[in-house]
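Understanding the architecture of this molecule
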Amino acid sequence: MKVQDSSKATRRDRLSIDNKSCIDHPNWYRGYRARLKTRQHCGMYTFFNIDSCIEAASSQLSNFFSFMLENYVHIQEKDPTLVNRLFGCAPQDDRGRQECIGIIEVPESYSGPRLQFPLNTNSLTIMIEAFKKQQILHAYYVLEILFETKEAMKQMPNFTHIRTCPTKEITICGDLHGKLEDLLLIFSKNGLPSGYNPYVFNGDFVDRGKYSIEILMILFVSFLLFGDDLCLNRGNHEDFLMNMRYGFTKEVLSKYKIHGKKILQVLEEVFAWLPLGTIIDDEILIMHGGISESTDLNLLHHIERNKMKSVLMPPVPMDKDSGTETKKNKGHVPRGVKLSGSPSDYLTKHEWEQVIDILWSDPRGKRGCYPNTCRGGGCYFGPDVTSKFLNKNRLKLLIRSHECKPEGYEICHDGKVITVFSASNYYEEGSNRGAYIKVGFCTTLRFFQYQVTKATCLRPLHQRVNTIESSAIRILKERMVSRKTDLIRSFQLQDRTKSGKISMGQWAFSMENTLGLNLPWRTLSSHLVLTDDDGNIDYMTCFHDIHIQKPVKEAQSALIETLYRYRSDLQIIFNVIDSDHSGLISMEEFHSMWKLFCSHYNLHIGDSQVDELAERMDLNKDGSIDFNEFLKAFYVIHQLDNLSRSNTQLA
Amino acid sequence: REIGTIIRSLGCCPNEGELHDLIAEVEEEEPTGYIRFEKFLPVMTNILVEKRYRPIPEEILLQAFEVLDPTKRGYLSKEELIKYMTEEGEPFSQEEMEEMLSAAIGPESNFIHYRDYITMMVIDEN
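Computed from a prediction, not measured in an experiment: that's the story for all the values here.

Let's shift gears to the sheet that holds strand β16 (residues 530-531) of chain A. Residues and elements named next belong to chain A. Spatially, three strands are ordered β15-β17-β16 in an open sheet, and the strand pairing comes out antiparallel. Two strands close off the open sheet at either side, each with one partner strand: β15 (501-502) and β16. Both β16 and strand β17 (residues 537-538) contribute to a ladder of two bridges, which runs antiparallel. The partner of Leu530 across the bridge, within β17, is Asp538.

Okay, structure coming up:
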């Protein structure tokens, strides 16, 4: 910003001396603050965009699974049991419980919390105190709690109906995402759950944060103790395949090395039995995502919700030739496929879509209903869709979560939709507040906000903005380097004179189209690339301070780049194949999976290249690959760091 | 209300009164609380071209602080600063005051070294 000329200065001099400081300083400060706020907004927007893109990629994965099923025949030749493992239903019997837990003993040396069954309120406090001290609950108790919860949840309807009354308020919390500190902060401000202090938790309890299993234990024990006074709604992350990508699976397996697999198996079912929503006083509907124009509350009240195992497991496609006698005409498997379980174990496509809509949709200002291309599932719904839906169902308000909001909550659609998000500092320290809502008698609402602060005292705005901004830029750079080849190609296409430089407009165009991210590129450009005095961009400087570490020197850059870009998807697929959770898959499994992956995603990677890579990954030459090691090998080096980051929070 | 942030982040320094007038100029006929970009763009372009609402130079701001610090200590105490900021002109709101203080004053001390503070606000733009 240029300092202005002296003519204005003399005019100011004529003002009284005291007035000067009072008028000008606030203006200066406000300008400074405005610039900080803009940077903060830019950082947050970048996070949110990249975050949503990752979720969109999940739906690509879902298409991949469909594709696999269609190409079933080929797979079956190679590995007959593979498809069953992926798509078969787990047998739902309870003999499993005794076999499962009966053999586990809690050793004398165990220093964590010990619980008595049947549970009482003491159990809850003991557990919370233990978690505060970073203790881990023994797998025996975890499994007992999970089985109990499953049994209790089976009795619940798809939507829990509760009522307010003059003596107690209902507290509604949004996404927690494994952030135990936030839950404990809520409890300390608002009290523990009890018959006099009812709560509704609106989904996304797990993934991303490091204490997802502890949060689940607290919520499930409270649910077992207080029944209808502790309502749990399913979120899009209460889904075993999402967990594989976003960290919950890893958390469980690392905290419970011996029994983790069992815990995950039971959890798969408990998640599927979580109710879909809560309705207060027949007026307020609480669901995790939102609605679409076709959302049919009646239908949702009656579907068999436990058949929705995962959003990434699409319903089995219909086959008209092999007719089925089932009355409801549920999905039928293609001929020749022998899946365990019968057709009636699956939801119809329509039912499946209804559930996706309520778990994944987002409200927007634009009228109408559009596919949610950002997330890859659900839709964007406008204020007209909301009005119509609420009127049709004689409701007054929709409370939902699913989106991080800087103030912890946000009201939109004319006061008819409220978003509540309870994980403060979600993207980065200082990025946002958390909030909860208290509903009183006659559905009056009160909003409460908070922010978990670390040991250091609350930092001034400019420091927080710097942190948010630099984290966002980091993540953006990692995205960029994962698409380096495509980006360079795009830049070169625009660089007619082969000078190595293009205009700002051309650069922004390439970035947006190649990365598929709708971001303020011109504002971000100063952090990403060098501009010369004429305003032209030296595009190769995009990649100057960041590169992907090559696990094997001879491997080609394009292959490495591809593996880096898809490493999250690959992680899920490997985890699915690795049904015994050993961390190992066989070379054949790797081969067949990789071939299918490439053909579906249209990747042109020569087989021999991948084989070579895999062979080198098979360090002990026993024909199996430790895929965690394999994937860890693909990480990005930020030149300006001393340490290299292998997995960022969001990736 | 976000218009103020946008205008200021572009380098302009209107005071609250001027900002109010500006908003009235670009707002819709029926105040919906929203502003259309098509209406805003020409007005904003004009402001930038005419170099309106430029901030006062850094030296003047420094002089202003020195006036409040006649003994030339190089700093002001928190109380003194609050007193001057809330007394005249266009005062800060409570929230702005707290934020400004946390930015200007270190957590342990009670004094604002105004030279450093001004430098921080200026450097930040580049």
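This brings us to the environment of Tyr45 of chain A. All names here are of chain A. With respect to the helices and strands, Tyr45 occurs in helix α2 (residues 17-70). With 319 residues separating them along the chain, Tyr45 and Arg364 place their C-alpha atoms 15 Å apart. Discounting residues that sit within four places of it in the chain, Tyr45 has contacts with Asn518, Leu519 and Pro520.

Turning our attention to the environment of Gly583 of chain A. Residues and elements named next belong to chain A. Relative to the helices and strands, Gly583 is located in the loop between α21 (567-577) and β19 (584-586). The spatial distance from the C-alpha of Gly583 to the C-alpha of Phe627 is 6.4 Å, given a sequence separation of 44 residues. If we ignore the near neighbours within four places in the chain, the residues touching Gly583 are Asp578, Ile625, Asp626 and Phe627.

With that out of the way, let us pick up the environment of Asp486 of chain A. Residue and element names in this part refer to chain A. Relative to the helices and strands, Asp486 resides in helix α17 (residues 484-494). Residues Asp486 and Ser510 lie 24 residues apart in sequence; the distance between their C-alpha atoms is 9.5 Å. Leave out the neighbours within four places in its chain, and Asp486 touches Thr514, Glu561 and Arg565.

All names here are of chain A. Core analysis: the biggest nonpolar cluster contains 56 residues, and Leu137, Phe201, Met217, Phe220 and Leu232 have the highest contact counts within it. In terms of residues, this core owes the most to one element, helix α9 (residues 212-226), which gives 10 residues. Not counting chain neighbours up to four residues away, the residues in contact with Phe220 comprise Ile145, Leu146, Thr149, Met153, Leu232, Leu267 and Val270. The next biggest cluster of nonpolar side chains, apart from the first, holds 33 residues, and it includes Met44, Ile50, Cys404 and Leu515.

What follows deals with the packing of helix α8 (residues 180-190) of chain A against α9 of chain A. Residues and elements named next belong to chain A. Closest axis-to-axis distance for the α8/α9 pair is 9 Å, and the angle between their directions is 35°. Counted together, Leu180, Leu183 and Phe187 of α8 and Glu214, Ile215 and Ile218 of α9 form the full contact between these two elements. Partitioned by chemical class, the residues of the contact of α8 with α9 number five nonpolar, no polar and one charged.

Turning our eyes to something else, we now look at the pairing of strand β10 (residues 397-400) of chain A. All names here are of chain A. Side-chain alternation along β10 places Leu397 and Ile399 on one buried face and Leu398 and Arg400 on a second face that is also buried. Bridge analysis of strand β6 (residues 284-286) against β10 gives three bridges, and the strand direction is parallel. From the neighbouring strand, Leu285 faces β10, where its bridge partner is Leu398. Where β10 meets strand β12 (residues 417-420), three bridges bridge the pair, whose relative direction is parallel. Bridged to Ile399 within β12 is Ile418.

Parameters and conventions
- Residues numbered from 1 in each chain as written.
- Chains lettered and ligands numbered in written order.
- Predicted model: local features only at pLDDT ≥ 70, side-chain atom pairs only at ≥ 80, totals over all residues.
- Heavy atoms only, no water.
- Pairing = 2+ DSSP bridges.
- Helix = DSSP H or I, 4+ residues; strand = E, 2+ residues; numbered from the N terminus.
- Contact = heavy atoms within 4.5 Å.
- Core = buried A, V, L, I, M, F, W, Y, C linked by side-chain atoms within 4.5 Å.
- Buried < 20%, exposed > 50% of the residue type's maximum accessible area, 1.4 Å probe, protein only.
- Axes fitted to C-alpha atoms, helices over the stretch in contact; angles between N-to-C directions.
- Nonpolar A, V, L, I, M, F, W, Y, C, P; charged D, E, K, R; others polar.

Purely spatial values, then, with no claim about function.
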